[in-house]
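# Understanding the architecture of this molecule
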Amino acid sequence: MGDKLTFVPGQPAWADLGTPDLGAATRFYGQLLGWTVESGGPDAGGYAMGKLDGDDVAGFGPQQGGGKPYWTPYFATPDTDATAAAVKDAGGQVMVPPMDIFSVGRMAMFTDPEGATFSVWEAKDHHGADRIQAPGAITWFEHYTRDATATRSFYESVFAWTCKESSIGGGNYTEFRPVGLDRDFGGIMQMGAEFPQEVPAHWLVYFGTNDCDASAAKATELGGKVVHGPQDISGVGRFVVLEDPQGAVFALVSWGA
C-alpha cells in the first residue's frame with residue numbers, strides 16, 4: 001500500500017454501493033475489477049471494503065430503502081456540519097444528517113435540488129480511497145441532470161468548484177474541478193430527449209480499466225448488462241456504461257484509448 005492520498009475539499013474521495021445482495025455484488029465487482037473484499041465485521045452493519053492489492057478503493061453496504069441499488073459518490077469536506085448547512089442553503093435536502101462513523105470519519109448524505117444523491121466525507125482514521133485514477137479505482141464522476149445550469153450553480157455554491165464548458169457530449173457538458181486541484185475530476189451532463197422521462201437526475205461513478213471492450217464482455221459473462229457503448233470520446237479515451245446483476249449502473253473508462 002502506498003502513501004495516503006490527500007483530498008482537497010470538494011474532491012471526490014470515495015464511492016460505495018448500497019445493494020440488496022452483498023455476496024453477489026462483491027463477487028461481481030471482485031471478478032470484474034480484480035478486487036478482494038474485506039468485511040468490516042458485525043459492528044459495521046455489513047459494510048465491506050473493496051481492495052486492490054491491499055489498497056481501499058470502494059465500499060459495499062446493505063441497500064437502505066427500496067428502488068434500484070446505486071453507487072454514491074463521497075466528496076471530501078473539512079467540516080460535515082458546515083457542508084450540510086451549505087447544502088440546505090443552496091436548496092438541497094439532508095437525507096442522512098451528519099454522523100460519526102466510529103473513529104474513521106464523519107459523513108452525511110444529501111439530495112441536490114434535481115434529486116441526485118451524494119455524500120460527503122470528513123476524514124479521520126479513514127481518509128478515503130488509497131488509489132484513484134487507475135484501473136480498478138474511482139476515476140471520474142458524472143452528474144446527469146435536466147437542468148445543468150441549476151446543478152452547476154448548486155455545486156459551485158456548496159463546494160466552490162471551478163466549472164468550464166466542454167465539447168464533450170456535443171457541447172452539453174460542463175467539467176469541474178475543486179479549488180486547489182490541477183485537473184478536472186468530473187462533469188455535468190445535460191440530459192436530452194434520448195433519456196426517457198422516468199430517468200431521474202443521478203450521479204454516475206466511473207472506474208478505470210485498461211480495456212473497455214474486454215471489461216464490457218467480462219461484465220456480461222458475469223451477469224451484468226451493457227447500457228451504453230463501448231464508445232470513443234475523441235481525444236479523451238473510451239468508455240462503457242454497465243449495469244450490475246442487481247441493477248446498479250456504473251461506468252468504466254480507459255483514458256487515451
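Scroll up a little and you will see the structure.
Analysis parameters
Residues numbered from 1 in each chain as written. Predicted model: local features only at pLDDT ≥ 70, side-chain atom pairs only at ≥ 80, totals over all residues. Heavy atoms only, no water. Helix = DSSP H or I, 4+ residues; strand = E, 2+ residues; numbered from the N terminus. Buried < 20%, exposed > 50% of the residue type's maximum accessible area, 1.4 Å probe, protein only. Pairing = 2+ DSSP bridges. Axes fitted to C-alpha atoms, helices over the stretch in contact; angles between N-to-C directions. Expected span 1.5 Å × (residues − 1). Arc of directions from axis to C-beta. Contact = heavy atoms within 4.5 Å.

Moving on: the environment of Gly 192. With respect to the secondary-structure elements, Gly 192 resides in the loop between strand 12 (186–190) and strand 13 (202–208). Gly 192 sits 108 residues away from Ala 84 along the chain, and the two C-alpha atoms are 30 Å apart.

What follows concerns the environment of Phe 185. Along the chain, Phe 185 falls in the loop between strand 11 (173–177) and strand 12. Residues Phe 185 and Thr 139 lie 46 residues apart in sequence; the distance between their C-alpha atoms is 7.5 Å.

Another aspect to go through is the pairing of strand 9 (residues 138–145). Burial runs high along strand 9: 8 of the 8 residues are buried. Note that strand 9 and strand 13 share 6 bridges and pair antiparallel. Across the sheet, the residue bridging to Trp 140 is Tyr 206, located in strand 13. As defined by bridge partners, strand 9 adjoins strand 12 across 5 bridges and the pair is classed as parallel. Within strand 12, the residue paired with Thr 145 across the bridge is Gln 190.

This paragraph deals with the sheet that holds strand 10 (residues 162–166). Across the sheet, which stays open at both edges, the 8 strands sit in the order 10-11-12-9-13-16-15-14 with mixed pairing between neighbours. In this open sheet, the two strands that pair with only one neighbour each are strand 10 and strand 14 (225–233). Averaged over neighbouring strand pairs, the angle between their axes works out to 25° when direction is ignored. As defined by bridge partners, strand 14 adjoins strand 15 (residues 237–243) across 6 bridges and the pair is classed as antiparallel. Looking across to strand 15, one finds that Val 226 is bridged to Leu 242.

With 12 residues, helix 3 (residues 148–159) should cover 16 Å at 1.5 Å per step; its first-to-last C-alpha distance of 16 Å lies within 8% of that length. Those residues of helix 3 that fall on the buried side of the exposure criterion are Ala 148, Thr 151, Phe 154, Tyr 155, Val 158 and Phe 159. Along the long axis of helix 3, the arc covered by the buried residues comes to 125°, so they all point the same way. Structurally, helix 3 contributes buried residues whose contacts are with strand 5 (70–76), helix 2 (80–89), strand 8 (117–123), strand 9, strand 12 and strand 13.

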